[in-house]
Amino acid sequence: MALELNKELLDELYPARLAVTPEGLIEAAGPSLVRHLGEGLVGRKFLDAFKFERPRIHDVAELIGCKQSIILKSLFNSDLRLRGLVKVQDGLLHLLVGHIPTADGKVGGQMLVFSDFAPTDSTLDTHLISVIHQQLLEDAQRISKELKAKSRQAEAANEAKTQFLATVSHEIRTPLNGVLGMADFLAGTELAPEQREALSIVIDSGQGLLTILNDVLDYSKVEAGELELENRAFDLAALIKGASGLFHVKAVEKGLHYVSSPARGWFMGDETRLRQILSNLVFNAIKFTQFGGVELRVEFGEVRDDGMTPLVFEVEDSGIGMSEEVQARLFKPFQQGEVTTARKFGGTGLGLAICRNLVEKMGGEISVRSENGRGSVFRVELALQATEAPALAGDDTSESGQQVSLASLRVLAAEDNATNRIVLGALLKPMGVEPAFAENGREAVEMFREESFDVILMDVMMPEMSGLEATRAIRQLESNSDAKPVPIHALTANLMREQVAQYLECGMDGALGKPINVEELRGTLEGVAHAKSDAQGTPDTHNRKAS
Amino acid sequence: MYGMIHQAAREMVHTVADAETWSVILEKSGLDEEHFISAQTYTDDVTFALIGAIQGVTGMPIGDLLAAFGRYWIEFAASTSYRSVMEMAGNDLESLLNNLDRMHTSIKSTMPDADMPSFIVVHSDAQRLEVEYRSSRSGLEMFVKGLLEGLLERFDDEGDVSFDVREDHVAFTVDRRAAKVA
């Protein structure tokens, strides 16, 4: 038996239905429309109450035979929109339509309710899906915000840790400077064999500690994004040859052999950092090798279109090797091969992390091939700009080859730390130099007013007046009296690129690191002595007091 | 249960306690961010772990806690994107209860894994409303009692809610006479 669509059933299935006569009068309306638009809807002219959004027609008669879906809009309430089909039956146009909900579910301030929709109409489901979708978007935003906050917290904690490490390392380096300086001084004196052996252990241990501190400080700079690379011409052959001398000594001490392949050419780059990378890899290789040896290979590729030369450095050893799992975490900070490695071999586990950062900053890659018990090969791939060897100045050889006496140099050293003053004095003594000491910047300026000096070694961080302020004051005095500027060299543990730039900007001529490298100090003083010697025959304006 | 329940629990703790208490509860429950996706269905043991952790930290009797959570759920749902759906479901207790199954049917059609309860209003007059509650879960009667109390509050209505556990359903009664007498 066919289902008879009586009024009750039609109202249930189409709560927003309309029945319109061919003349355009509304003869019946579903309960939902009556609820929203009022009882007066029935009997009105259809076109007084609704307009067609789709299809674009203006006469009800055009609906006859219309097979398209239609969209109606109420003229009383513009939020109320209906969609559906038109069927003609019993001489009436039946608009079997349902509500199109607004985003908030309201039509003209009144809420659409469940009963406005037929149970078979999925419009409510669609509305619910849009609500769920909206809620999911809010979830995503909330989670993203929470994760960002957590990430910021983690970054702040990491920064604090890095800063703490840097501060502690720096604080330890200052007394270590004293220890190593005095040990170096003692090494230059007459000692019994057993005393010399004991001192050698002190120096080795101190150097080991210094290496660790330098690693921590370097890594702190990497973390803080403060590590900057130089880009200067350097002789690769000289770098390899120079470094290999030390590698060879270390290998032989352990009963290993060391070989390096010949390198050639001048390149633009950061020579110091490249030496640091290779030293780290070679010393690591020596550390983890008991038998056999270590080889440093350098290979050159064809010059690329961009003018860069591919270089491959490989450090191969016949040591203990490592598993794939260990290799995977090898270049991460504070990681070492095995948990027992730190106990057995020492070290911070920072060296390779620093190497990776340096290599990546140079635009290269670092990798490792290894097997347990079968040795390892560390590989660094870089592309460097080849350059011409700089022409040698004719006078240089005669100058640098000539031994000069430092004894006649008048050196003013400004240093607030008593230990550092003793160390500096002890290191200068074998060179025949007896410096005058100032304990702060203000004292240095006063002494400069009173006496003549050939060179000033200036600590940077001092009480009362910093090294920078003192330098500015001295330069001002020189300028006022038209005196020739006295060479001023910073003597400081703070040798980051921008710090050195700051020293030079305020009038200093150079900077020496702490702990003091004796050869570096001697080189600087020799440079001053050469300049002084060259200046003989011309009026020695250094000696004029700049008062 | 779906993640929105977990979100409501989190908000309730933040409202009646503080963020620190919530951190302790979260740690005890073993839940993390992934358990707070509103439309995601989680196994009941996850939800019960959370409720258990709240109970453990607050020391509230479980029945009181569930009733308070039921009342809070209505307030919470009305503060989210689901507000419009709640409004469409009705603006009085009977209409809303009558529409709940339809709402749950719609949700179920979108989230097939969700295990939705059923509410059938079997009697309603000025004095009393009786509703049959069916669910595959047991032990949540106090939560439903809180829900009904929350709905009464939402519609500025008054009444005492009681329940009687039957063989295949729980019969809830909202006694409006008591409130009116008072």
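Residues numbered from 1 in each chain as written. Chains lettered and ligands numbered in written order. Predicted model: local features only at pLDDT ≥ 70, side-chain atom pairs only at ≥ 80, totals over all residues.

### Remarks on the overall build of chain A
Here's step 1: The helix and strand inventory of chain A stands at 16 helices and 20 strands.
Here's step 2: Counting every position in chain A, which comprises 547 residues, the buried fraction comes to 30%.
Here's step 3: For chain A, contacts bridging at least 24 residues in sequence account for 63% of all contacts bridging at least 6. (Helix = DSSP H or I, 4+ residues; strand = E, 2+ residues; numbered from the N terminus. Buried ≥ 20, exposed ≤ 12 C-beta atoms within 10 Å, placed from the backbone. Contact = placed C-beta atoms within 7 Å.)

### Quick notes on the interface of chain A and chain B
Here's step 1: On the chain B side, the residues contacting the 19 residues of chain A number 19 residues.
Here's step 2: In terms of residues, the side of chain A that touches chain B owes the most to one element, helix α4 (residues 123-187) of chain A, which gives 13 residues.
Here's step 3: Residues that form the side of chain A that touches chain B fall into these classes: 11 nonpolar, 3 polar and 5 charged. (Nonpolar A, V, L, I, M, F, W, Y, C, P; charged D, E, K, R; others polar.)

### Observations regarding the sheet that holds strand β16 (residues 411-414) of chain A
All names here are of chain A.
Here's step 1: The 5 strands are arranged β17-β16-β18-β19-β20 in an open sheet whose pairing can be described as parallel. Two strands lie at the open edges of the sheet, namely β17 (436-438) and β20 (510-513), each paired on one side alone. Direction aside, neighbouring strands of the sheet carry axes that sit 25° apart on average.
Here's step 2: Pairing of β16 with strand β18 (residues 455-458), which is carried by 4 bridges, proceeds in the parallel orientation. Bridged to L412 within β18 is I456.
Here's step 3: Relative to β16, helix α13 (residues 441-450) is tilted by about 160°, and along the sheet it contacts β16, β17 and β18. (Pairing = 2+ DSSP bridges. Axes fitted to C-alpha atoms, helices over the stretch in contact; angles between N-to-C directions.)

### Observations concerning the packing of α13(A) against helix α14 (residues 467-481) of chain A
Residue and element names in this part refer to chain A.
Here's step 1: Running from N to C, α13 and α14 point in directions that differ by 20°, and their axes come no closer than 8 Å. When the axis of α13 is compared with that of α14, the two are roughly parallel. Crossing hand, α13 versus α14: right-handed. Along its contact with α13, which presents G441, A444, V445, F448 and R449, the element α14 presents G467, E469, A470, A473, I474 and L477.
Here's step 2: When the residues that make up the contact of α13 with α14 are grouped by side-chain class, the tally is 7 nonpolar, 2 polar and 2 charged. (Parallel < 35°, antiparallel > 145°, perpendicular 65-115°, else oblique. Left-handed = near helix turned anticlockwise from the far one by under 90°.)

### As for unusual backbone geometry
Here's step 1: Between A:R54 and A:P55 the backbone carries a cis peptide bond, its omega angle lying at -5°.
Here's step 2: Along the chain, the position of A:P55 falls in the loop between β3 (50-54) and β4 (70-74).
Here's step 3: Here B:D156, not a glycine, exhibits a phi torsion of approximately 50°, which is positive.
Here's step 4: Its place among the elements puts B:D156 in the loop between α7 (141-154) and β3 (160-165).
Here's step 5: In this structure B:D156 comes out as exposed when scored by C-beta crowding, with 7 C-beta atoms within 10 Å.

### Focus on helix α12 (residues 418-428) of chain A
Owing to its 3.6 residues per turn, the α-helix aligns residues three or four sequence positions apart on the same side.
Here's step 1: Every buried residue of α12(A) is listed here: A:N420, A:V423, A:L424, A:L427 and A:L428. The buried residues of α12(A) occupy one face: seen down the axis, they fall within an arc of 125°. (Arc of directions from axis to C-beta.)

### What to know about the sheet that holds strand β2 (residues 26-29) of chain A
All names here are of chain A.
Here's step 1: Pairing in this open sheet of 6 strands is antiparallel, and the strands run β2-β1-β6-β5-β4-β3 from one edge to the other. Whereas interior strands pair on both sides, the edge strands pair on one side only; in this sheet they are β2 and β3. Neighbour-to-neighbour, the strand axes of this sheet turn through a mean angle of 30°, independent of strand direction.
Here's step 2: Two strands pair when backbone bridges link them, and strand β5 (residues 81-89) and strand β6 (residues 92-99) are joined in this way by 8 bridges, in the antiparallel orientation. Within β6, the residue paired with L82 across the bridge is H99.

### Some points on the packing of helix α1 (residues 3-16) of chain B against helix α3 (residues 44-58) of chain B
All names here are of chain B.
Here's step 1: Across the interface, α1 lies against α3 with an axial gap of 10 Å and an inter-helix angle of 10°. The pairing of α1 with α3 is recorded here as roughly parallel in orientation. Residues I5, H6, A9 and V13 of α1 touch α3, and the partners they reach there are T47, L50 and I54.

### Details of the pairing of strand β1 (residues 118-124) of chain B
Here's step 1: Across 6 bridges, the pairing between β1(B) and strand β2 (residues 128-134) of chain B is antiparallel. From the neighbouring strand, B:H123 faces β2(B), where its bridge partner is B:E130.

### Thoughts on the pairing of β3(B)
Residue and element names in this part refer to chain B.
Here's step 1: For β3 and strand β4 (residues 170-175), the ladder comprises 6 bridges, and the chain directions are antiparallel. Looking across to β4, one finds that F163 is bridged to F172.
Here's step 2: With antiparallel pairing between neighbouring strands as the criterion, β3 and β4 make up a hairpin whose turn holds 4 residues.

### Considering the environment of A:E171
Residue and element names in this part refer to chain A.
Here's step 1: Topologically, E171 is positioned in helix α4.
Here's step 2: The exposure class of E171 is exposed, given the 11 C-beta atoms found within 10 Å.
Here's step 3: Measuring from C-alpha to C-alpha, the distance between E171 and L213 comes to 10.0 Å, with 42 residues separating the pair along the chain.

### Section: the environment of A:L85
All names here are of chain A.
Here's step 1: Structurally, L85 is set in strand β5.
Here's step 2: Each C-alpha atom of the pair L85 and L95 lies 5.9 Å from the other, and the pair is 10 residues apart in sequence.
Here's step 3: Excluding residues that lie within four positions of it along the chain, L85 makes contacts with S69 and L96.

### Points about the nonpolar core
Here's step 1: Grouped together as the largest cluster of nonpolar side chains are 76 residues, with contacts concentrated most on A:L18, A:V20, B:A8, B:A9, B:I54, B:F69 and B:L148.
Here's step 2: With 9 residues, helix α4 (residues 62-77) of chain B is the largest single contributor of residues to this core.
Here's step 3: Dropping the residues within four chain positions of it, A:V20 is found in contact with A:L25, A:I26, A:E27, A:F46, A:V60, A:L92, A:L93 and A:L95.
Here's step 4: Counting residues in each nonpolar core, the second largest holds 40 residues, with A:L256, A:V298, A:L350 and A:M362 among its members. (Core = buried A, V, L, I, M, F, W, Y, C linked by C-beta atoms within 7 Å.)

### Comments concerning α3(B)
Residue and element names in this part refer to chain B.
Here's step 1: Along its 15 residues, α3 runs 21 Å from first to last C-alpha, staying within 8% of the 21 Å computed at 1.5 Å per residue.
Here's step 2: Taken together, the buried positions of α3 are occupied by T47, L50, I51, A53 and I54. Each buried residue of α3 sits inside an arc of 155° when the element is viewed along its axis, so together they form one side. Pointing more than 90 degrees away from the buried face of α3 are the exposed residues D44 and D45.
Here's step 3: In this structure, the buried side of α3 is in contact with α1, α2 (19-29) and α4.
Here's step 4: Two residues or fewer past α3, G59 is found with a positive phi of approximately 75°. (Expected span 1.5 Å × (residues − 1).)

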